[in-house]
Amino acid sequence: MSSFSVNDDGTVAPVRRRPVHPRYVRVTHWLNVYAMACMFMSGWGIYNASPIFPFSFPQWATLGGWLGAATIWHFAVMWLLVGNGLVYLLAGIASGHLRRDLMDVTPRAVLRDAAAALRLRLRHAPGRYNAVQKVLYLGVLLLGILIVLSGLAIWKPVQLDWLTNLFGGFAAARVVHFCAMAGIGLFVVVHLLLVILVPRTLPPMITGRTHGAHDA
């Protein structure tokens, strides 16, 4: 069944569905949600067994129940997270998504859009990233690479001693790993707040499409 909308001049126009997010972006996004939740919670359980800082995470926020199970969860889901990230990167490069939608960002555009966001006047078009979003997404991709490398340095400090030494040793690699996790966690919080403030951005990430009278 076709849908219609009424234009400002009183004429009726068909509402056409237009693609917003390609399938691989949506699939990797939701797999990433599951993987990151498991990695955060199992990682917090591992952290609690030997805290770096003078605090621990609440038991209800951890996964596994004890150190051994938390470690198994962490290493198992790690492969899903890394594989999912590689699929996103390779598909993004092959399709031109990364170059077209994320790489064309300038400091002037970031300052302009950041100022507009502070005044609550930043416009949002589904499927199009503003300069602030581009910087955040590029930043979290870099943090993802950092957290994987530091995680490998912690996991195999003898076999990958060159990598562990690159981070300044095992203890320093743990700090880097934790800080990268905190940075990704901050990104997730900001991301969720933006979804709450602009809820119309959520359905396109599920269906891949949005409704509009005209294609953009």
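All values reported here derive from a predicted model rather than from experimental measurement.

### What about the overall build of the protein?
Logical step 1: A tally of helices and strands in the protein yields eight helices and four strands.
Logical step 2: Counted from the first residue to the last, the protein has its helices and strands arranged as β-β-β-α-α-α-α-α-α-α-α-β.
Logical step 3: Here the protein, with 216 residues, has 30% of them falling under the buried criterion.
Logical step 4: For the protein, the exposed area adds up to about 13700 Å²; of that, 70% sits on carbon and sulfur atoms.

### Points about the packing of aromatic side chains
Logical step 1: Evaluation of the coordinates by the stated rule reveals 14 aromatic pairs.
Logical step 2: Note on Y24 and Y88: the rings are 6.4 Å apart at their centroids and 45 degrees apart in plane angle, and the pair reads as tilted. With Y24 in helix α1 (residues 23-49) and Y88 in helix α2 (residues 67-95), this residue pair connects regions lying 64 residues apart in the sequence.
Logical step 3: On the basis of an interplanar angle of 65 degrees and a centroid distance of 5.6 Å, the ring pair of Y137 and F187 is categorised as edge-to-face. Of this pair, Y137 sits in helix α5 (residues 131-155) while F187 is found in helix α7 (residues 170-197), placing the two residues 50 residues apart along the sequence.
Logical step 4: Residue Y137 is classed as partly exposed on the basis of its relative accessible area of 23%.
Logical step 5: Aromatic rings pair up to connect F40, W44, Y47, F53, F55, F57 and F178 into one cluster.
Logical step 6: The aromatic ring of W155 is capped on one face by K156, whose charged end is 4.9 Å from the ring centroid.

### A few points about α7
Logical step 1: Over its 28 residues, α7 extends 41 Å from the first C-alpha to the last, a length consistent with the 40 Å expected when each residue adds 1.5 Å.
Logical step 2: The set of residues buried in α7 consists of A173, F178, A180, M181, I184, G185 and F187.
Logical step 3: Structurally, α7 contributes buried residues whose contacts are with α1 and α5.

### Some details on the UniProt feature "transmembrane region" (unreviewed entry) in the protein
Logical step 1: Residues annotated in UniProt with the feature "transmembrane region" (unreviewed entry) correspond here to residues 27-47, 67-91, 135-155 and 175-198.
Logical step 2: For residues 135-155, the helix share is 100%, the strand share is 0%, and the end-to-end C-alpha distance is 30 Å.

### Quick word on the packing of α1 against α7
Logical step 1: One way to put it is that α1 packs onto α7 with a least axis distance of 12 Å and a crossing angle of 135 degrees. Here α1 lies oblique to α7, going by the angle between them. As α1 packs across α7, the resulting crossing turns out to be left-handed. Judged by residue contacts, H29, M36, F40, W44 and Y47 of α1 engage R174, F178, M181, I184, G185, V188 and H191 from α7.
Logical step 2: Taken together, the residues of the contact of α1 with α7 break down into eight nonpolar, three polar and one charged.

### A look at the environment of V176
Logical step 1: Mapped onto the fold, V176 is located in helix α7.
Logical step 2: Residues V176 and I147 lie 29 residues apart in sequence; the distance between their C-alpha atoms is 7.6 Å.
Logical step 3: With residues up to four places along the chain from it excluded, the contact list for V176 reads L146, S150 and F167.

### Some words on the packing of α2 against α5
Logical step 1: Packing of α2 against α5 leaves a shortest axis separation of 12 Å and a crossing angle of 145 degrees. Handedness of the α2/α5 crossing: left-handed. Across the interface between the two elements, F75, M78, W79, V82, Y88 and L89 of α2 pack against L141, V148 and W155 of α5.
Logical step 2: The residue inventory of the contact of α2 with α5, partitioned by class, reads nine nonpolar, no polar and no charged.

### Here we look at the layout of surface pockets
Logical step 1: Counted as a void, the second largest pocket has a volume near 690 Å³.
Logical step 2: Within the residue set of the lining of the second largest pocket, elements represented by two or more residues are α1, α2, α5 and α7.
Logical step 3: Here the lining of the second largest pocket takes seven residues from α1, the largest share from any one element.
Logical step 4: Grouping the amino acids of the lining of the second largest pocket by side-chain chemistry returns 20 nonpolar, six polar and one charged.
Logical step 5: Three or more residues apiece are contributed to the lining of the second largest pocket by two domains, here domain 1 (21-104) and domain 2 (120-207).

Cut-offs used in this document
- Just so you know, the residues in each chain are numbered from 1, in the order the chain's sequence is written.
- With the structure being a predicted model, the display of local features is reserved for residues of pLDDT at least 70 and the display and counting of side-chain atom pairs for 80 or more, all residues being used for whole-chain, interface and lining totals.
- Computation of side-chain values covers all heavy atoms of the structure but excludes hydrogens and water.
- Strands are runs of DSSP state E lasting at least 2 residues, helices are runs of H or I lasting at least 4, and numbering of each runs from the N terminus.
- Per-residue accessibility, obtained with a 1.4 Å probe over protein chains only, is compared with the maximum for each type, and a residue is labelled buried under 20%, exposed over 50%, and partly exposed between these values.
- Surface accessibility in these figures is a Shrake-Rupley result with a 1.4 Å probe; residues are shielded only by whichever protein chains are displayed.
- Each Phe, Tyr or Trp ring, with Trp reduced to its six-membered ring, pairs with another whose centre is within 6.5 Å; inter-plane angles below 30 degrees give stacked pairs, above 60 give edge-to-face pairs, and intermediate values give tilted ones.
- Working rule: Lys NZ or Arg CZ, within 6 Å of ring centre, within 35 degrees of ring normal, means a charge sits over the ring.
- A helix's residues, less one, multiplied by 1.5 Å, set its expected span.
- Only heavy atoms enter the contact rule, under which two residues are in contact if any of them lie within 4.5 Å.
- UniProt positions are given in the numbering used here, feature names are shortened, and annotations may be inferred rather than shown by experiment.
- The axes are straight lines fitted to the C-alpha atoms, using for helices just the contacting stretch, and the angles between their N-to-C directions are given from 0 to 180°.
- Angle categories: roughly parallel below 35 degrees, roughly antiparallel above 145, roughly perpendicular from 65 to 115, and oblique for all the rest.
- Crossing handedness: left-handed means the near helix sits turned counterclockwise from the far one by under a right angle, and right-handed means the same turn made clockwise.
- Gly is put with the polar residues, along with every residue not named as nonpolar or charged; the nonpolar set is Ala, Val, Leu, Ile, Met, Phe, Trp, Tyr, Cys and Pro, and the charged set is Asp, Glu, Lys and Arg.
- Method remark: on a 1 Å grid restricted to protein atoms, a set of points is classed as a cavity if a 1.4 Å probe fits but cannot get out and as a pocket if it is open with protein on both sides within 12 Å along at least five of seven lines; lining residues have an atom within 4 Å of a point.
- Grid points are joined across faces, edges and corners, and a volume is the space filled by probe spheres set on the points.
- The domain boundaries here were taken from an automatic or database domain assignment.

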